[in-house]
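Single-letter residue listing:
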Amino acid sequence: MRHINYAELSKTIASLTEGETDIVALMATIVCEVHHADDRFHWTGFYRVTEPDVLKIGPYQGGHGCLVIPFSRGVCGAAARTGAVQLVPNVHAFPDHIACASSTQSELVLPVFDTNGDVIAVFDLDSDFPDAFTEVDAYEMASLLSSVFAK
Ligand code: SME
């Protein structure tokens, strides 16, 4: 069972993205490295804020994801709307969870902030395992995202 090493991941992403400012390139690189770092991660991707109260899909790995999510809906909308991490041990207990895959059992969604502190995207991790994500995952992913997008 492959398990993420956050120290190694952080160094790899810092090296791969050094000097890069294009947001799509940054997102695609993060998604690729994170997704393949851990067997718990069955879907990994970004949803971008493309207009007020609207998220649209960005770079991702895994099965197809829904293209548009209003801030009023889903785990992603909750993260974008509140600016708070959503650590969901059981998606079936989350009101209005959007199931892009019927196999998803648990989810971790983090808001992505820019240097102004504005939410510019959310980072979504889905697992087919129940209760797959921990507070350590939430903390480390938030630190990684901040180091790339809010530096
Ligand atoms: N589950 C998310 C939707 C995105 S798909 O999982 C990729 C939600 O409830 O917002």
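Just so we're clear, the structure is a prediction, and the values are computed from it rather than from any experiment.

Engineer: Can you help me understand the site of the ligand in this one?
Structural biologist: Residues in close proximity to the ligand include Trp-43, Tyr-47, Ile-69, Gly-74, Val-75, Cys-76, His-97, Ile-98, Cys-100, Glu-107, Asp-124 and Asp-126, which together make up its full environment. Here Val-75 contributes a backbone N or O atom positioned 3.0 Å from an oxygen atom of the ligand. Between a nitrogen atom of the ligand and a side-chain N or O atom of Glu-107, the distance comes to 2.9 Å. In isolation the ligand exposes 310 Å². Once the protein is present, 99% of that is buried. Going through the elements one at a time, strand S1 (43–51), helix H3 (74–82) and strand S6 (119–127) are the ones with two or more residues in the shell around the ligand. The element best represented in the shell around the ligand is H3, accounting for three residues.

Engineer: How should the packing of aromatic side chains be read in this particular structure?
Structural biologist: One pair of aromatic rings is described through two measures. These are the centre distance and the angle between the planes. Overall, the coordinates contain five aromatic pairs when judged by the stated rule. Ring geometry for Phe-41 against Phe-133: centres 5.9 Å apart, planes inclined by 20°, an arrangement best described as stacked. Of this pair, Phe-41 sits in the loop between helix H2 (23–35) and S1 while Phe-133 sits in the loop between S6 and helix H4 (135–149), and the two are 92 residues apart along the sequence. Across the pair, exposure class does not vary: Phe-41 and Phe-133 are buried alike. One aromatic cluster is present, formed by Trp-43, Tyr-47 and Tyr-60 through successive ring pairs.

Engineer: So what exactly am I meant to see when it comes to the sheet that holds strand S4 (residues 86–88) here?
Structural biologist: To summarise the sheet geometry, strands pair through backbone hydrogen bonds and adopt either a parallel or an antiparallel arrangement. Taking strand neighbours across the sheet as the criterion, the six strands line up as S3-S2-S1-S6-S5-S4 in an open arrangement whose pairing is antiparallel. Where the open sheet ends on each side, the last strands, each with one partner, are strand S3 (68–70) and S4. Each neighbouring strand pair of the sheet contributes to a mean axis angle of 25°, computed without reference to strand direction. With three bridges connecting them, strand S2 (residues 54–61) and S3 associate as antiparallel partners. Residue pairing across strands places Lys-56 opposite Val-68, the latter belonging to S3.

Engineer: Mind showing me how you'd approach the environment of Val-119 here?
Structural biologist: Mapped onto the fold, Val-119 is located in strand S6. Taking relative accessible area as the criterion, Val-119 reaches 23% and is therefore assigned partly exposed. A C-alpha to C-alpha distance of 28 Å links Val-119 and Ser-102, two positions 17 residues apart in sequence. Setting aside anything within four residues of it in sequence, one finds Val-119 in contact with Val-49, Ala-80, Gly-83, Pro-111, Val-112 and Phe-113.

Engineer: What's the story with H4 in this structure? I'm lost.
Structural biologist: Each α-helix winds once per 3.6 residues, and so residues spaced three or four apart point in a common direction. Compared with the 21 Å implied by 1.5 Å per residue over 15 residues, the 21 Å span of H4 between its first and last C-alpha is a close match. Where H4 is concerned, the buried positions are Asp-137, Ala-138, Met-141, Leu-144, Leu-145, Val-148 and Phe-149. All buried residues of H4 fall inside an arc of 135° around its axis, so they share one side. Pointing more than 90 degrees away from the buried face of H4 are the exposed residues Glu-135, Val-136 and Tyr-139. Its buried side turned inward, H4 meets helix H1 (6–17), H2, S1, strand S5 (106–113) and S6.

What counts as what
Residues numbered from 1 in each chain as written. Predicted model: local features only at pLDDT ≥ 70, side-chain atom pairs only at ≥ 80, totals over all residues. Heavy atoms only, no water. Near = heavy atom within 4 Å. Polar contact = N/O pair within 3.5 Å; in protein donor to acceptor, adjacent residues only side chain to side chain. Areas by Shrake-Rupley, 256 points an atom, 1.4 Å probe, with all protein chains shown as cover. Helix = DSSP H or I, 4+ residues; strand = E, 2+ residues; numbered from the N terminus. Phe/Tyr/Trp six-rings, centres within 6.5 Å; stacked < 30°, edge-to-face > 60°. Buried < 20%, exposed > 50% of the residue type's maximum accessible area, 1.4 Å probe, protein only. Pairing = 2+ DSSP bridges. Axes fitted to C-alpha atoms, helices over the stretch in contact; angles between N-to-C directions. Contact = heavy atoms within 4.5 Å. Expected span 1.5 Å × (residues − 1). Arc of directions from axis to C-beta.

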